[in-house]
Amino acid sequence: QVQLVESGGGLVQAGGSLSLSCAASGRTFSNSVMGWFRRAPGKEREFVARISRSGGSTFYAASVKGRFTISRDNVKNMVYLQMNNLKPEDTAVYYCAAGTSLIELRYDYWGQGTQVTVSS
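Keep in mind that this is a model prediction, so the values were computed, not measured.

**Section: the state of the cysteines**
Okay, so step 1: The tally for this structure, following the rule as stated, stands at one disulfide.
Okay, so step 2: Across the disulfide, Cys 22 is cross-linked to Cys 96 (sulfur-sulfur distance 2.1 Å). Across the S-S bond linking Cys 22 and Cys 96, the dihedral sits near -80°, which makes this disulfide left-handed. Placement of Cys 22 in strand 3 (residues 18–24) and of Cys 96 in strand 9 (residues 92–99) is noted, with a sequence separation of 74 residues between them. Comparing Cys 22 with Cys 96 shows no difference in burial state: the two are buried.

**A word on unusual backbone geometry**
Okay, so step 1: Here the phi dihedral of Asn 77 falls at roughly 55°; this positive angle occurs in a residue that is not glycine.
Okay, so step 2: Its location among the elements puts Asn 77 in the loop between strand 7 (68–73) and strand 8 (78–83).
Okay, so step 3: Notably, Asn 85 is not glycine yet its phi reads approximately 50°, a positive angle.
Okay, so step 4: Examined against the element boundaries, Asn 85 turns out to sit in the loop between strand 8 and strand 9.

Rules used throughout
- For every chain, the first residue of the written sequence is number 1, and numbering continues from 1 onward in sequence order.
- In view of the model being predicted, local features appear only for residues whose pLDDT reaches at least 70, and side-chain atom pairs are presented and counted only at 80 or more, with totals across whole chains, interfaces and linings using the full set of residues.
- Only hydrogens and water are removed before side-chain values are computed, so all heavy atoms of the structure are retained for them.
- When the sulfur atoms of two cysteines come within 2.5 Å, that pair is taken as a disulfide.
- In DSSP terms, a helix is any run of H or I states spanning at least four residues, a strand is any run of E spanning at least two, and both are numbered starting from the N terminus.
- For each residue, the accessible area found with a 1.4 Å probe, counting protein chains only, is set against the maximum for its type, and the residue is called buried under 20%, exposed over 50%, and partly exposed in between.

Structure, rendered in structure tokens:
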């Protein structure tokens, strides 16, 4: 089992930056692919970014590519999301997720979410 706790959300003006952190419990953190998702009010959860187990590979949603950076520290059991040039449409609750399957990409564990609000 993996427990995930996000932090770093808040209010920021458009064009500004914000850093999110996700602290993971469990000794198998390095064996999990990590992802960030978000859910805007009245909308379904959408994929934002993911990072491979070693941190050597990343993938981003087109809407955030070039603006957001996902990273991880397997020693500290942490995953991060650096968000730059924020836009009002980035406003959402952001969730950290972990996928443990070695067969398919499936996110088994989720954090509680942290609110990010971007004002115009």
